[in-house]
Amino acid sequence: MKKITLGLIACALFGCGELQQSVAQGSLGLGQLDISNGLKEALDKGIEKQVSKLTATDGFYKNEAVKILLPDELQKVDQKLRQMGLSSLADEGIKVLNRAAEDAVKEATPIFVDAVKQMSFTDAKNILMGNESSATTYLQNTTSSSLYSKFNPVIKNSFSKVGADKVWSKIISKYNSLPFVKKVNPDLTDYTTNKAMEGVFKMIAIEEKEIRTNLGSRSSNLLKNVFALQDKK
C-alpha cells in the first residue's frame, strides 16, 4: 500500500492521469516498485535538477527567465547612476542581488522533499485531475511560507558575504545625496527573497511541462515506461 501511495503522489506531481485508474484495476504492465522508482526519478528531475541549476554561479544572473532586476522604486536610481557615468556600479548592484538568491536557493530541496512526504491522497487526486502546472501550484501553496523563512535569513547573510550590503549602501547613499530627489530606503532582503522564490517555482513549472510533453526528457527506460501511461490519457 505504501508503494502504491508513493507512486500516486509522485505521479501526481507530473500528471500521470491514467495511473490512478490503472492501479485500481490492477492492470499495469509494470510492477508497483518499478512505477514508484520511476516516479521518484521524475521528482528528482523536476525538483532537484532545476533547483541545482539555480544554485550555480550565474544560475539567476545569466538566466533571463529568472534574473532578478531592480524593484520599480529603484529603476530611477539605476537610471540616475547610468546618467552619471556609474553604469558599472549599477550593474554590480543587480549582480549581487542575484548572487544572494543563488546562495539562498540551496535551502529549497529539503523543503520540497518534505512537502512531497506530507502530501495526502486527496492532494494527489486533485493534482491528477488538474492542469499542466498543478504540481507547481501545489508546491507553491504548501512550501512558500517555509521557503520564505529559510531564504530570508540566508539572503540577509549572503548580502554581507557577497558584498551586497556595501554595494547597495554606496548606491543608496550616492543617490540620496543628490539634490531634488526623493530619498529611497528599500527592503532589498524581502524583495530578493520573494524574487528568489518566484524564480524557483518558474523553473519547476518549466520542468513539469517538459516531462509531461517531451518524450526526449524521459532519460531512462523506466521513465519512458512509466510516463507512457500518461500519454494514453
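Residues numbered from 1 in each chain as written. Predicted model: local features only at pLDDT ≥ 70, side-chain atom pairs only at ≥ 80, totals over all residues. Heavy atoms only, no water.

(A) Looking closely at the overall build of the protein chain. Within the protein chain one finds eleven helices and zero strands. Going from the N terminus to the C terminus, the protein chain shows its helices and strands as α-α-α-α-α-α-α-α-α-α-α. Residues classed as buried in the protein chain amount to 46% of the 233 residues present. Long-range pairs, those at least 24 residues apart, make up 80% of the contacts in the protein chain with a sequence separation of at least 6. Summed over all atoms, the accessible surface of the protein chain reaches about 11800 Å², with 50% contributed by carbon and sulfur. (Helix = DSSP H or I, 4+ residues; strand = E, 2+ residues; numbered from the N terminus. Buried < 20%, exposed > 50% of the residue type's maximum accessible area, 1.4 Å probe, protein only. Contact = heavy atoms within 4.5 Å. Areas by Shrake-Rupley, 256 points an atom, 1.4 Å probe, with all protein chains shown as cover.)

(B) Here's a closer look at the pattern of salt bridges. Counted according to the given criterion, the structure contains eight salt bridges. Two residues, Arg99 and Asp58, come together in a salt bridge whose shortest N-O distance is 2.9 Å. Of this pair, Arg99 sits in helix H5 (residues 87-104) while Asp58 sits in the loop between helix H3 (32-55) and helix H4 (72-83), and the two are 41 residues apart along the sequence. Among the residues examined, Asp58 registers a relative accessible area of 19% and is labelled buried. A salt bridge links Arg82 to Asp91; the nearest nitrogen and oxygen atoms lie 2.8 Å apart. On the basis of relative accessible area, Arg82 is assigned to the partly exposed category, the value being 30%. (Salt bridge = Lys/Arg side-chain N within 4 Å of Asp/Glu carboxyl O.)

(C) Structural context of the packing of helix H8 (residues 134-161) against helix H10 (residues 188-213). Running from N to C, H8 and H10 cross one another at 145 degrees; their axes reach a closest spacing of 8 Å. Between H8 and H10 lies a crossing whose hand is right-handed. Across the contact of H8 with H10, the residue classes tally to 14 nonpolar, ten polar and four charged. (Axes fitted to C-alpha atoms, helices over the stretch in contact; angles between N-to-C directions. Left-handed = near helix turned anticlockwise from the far one by under 90°. Nonpolar A, V, L, I, M, F, W, Y, C, P; charged D, E, K, R; others polar.)

(D) Molecular detail of the packing of aromatic side chains. Tallied over the entire structure, the rule returns one aromatic pair. Taking the ring centre of Tyr61 as reference, the NZ or CZ of Lys67 above it sits at 4.7 Å. (Phe/Tyr/Trp six-rings, centres within 6.5 Å; stacked < 30°, edge-to-face > 60°. Lys NZ or Arg CZ within 6 Å of the ring centre and 35° of its normal.)

(E) Looking closely at the packing of H5 against helix H9 (residues 164-176). One way to put it is that H5 packs onto H9 with a least axis distance of 9 Å and a crossing angle of 140 degrees. On the basis of their axis angle, the class for H5 and H9 is oblique. Of the two possible hands of crossing, H5 and H9 adopt the one that is left-handed. Within the contact between the two elements, H5 uses Leu89, Glu92, Gly93, Ile94, Val96 and Leu97 and H9 uses Ala164, Val167, Trp168, Lys170, Ile171 and Lys174. Its residues placed into classes, the contact of H5 with H9 shows eight nonpolar, one polar and three charged. (Parallel < 35°, antiparallel > 145°, perpendicular 65-115°, else oblique.)

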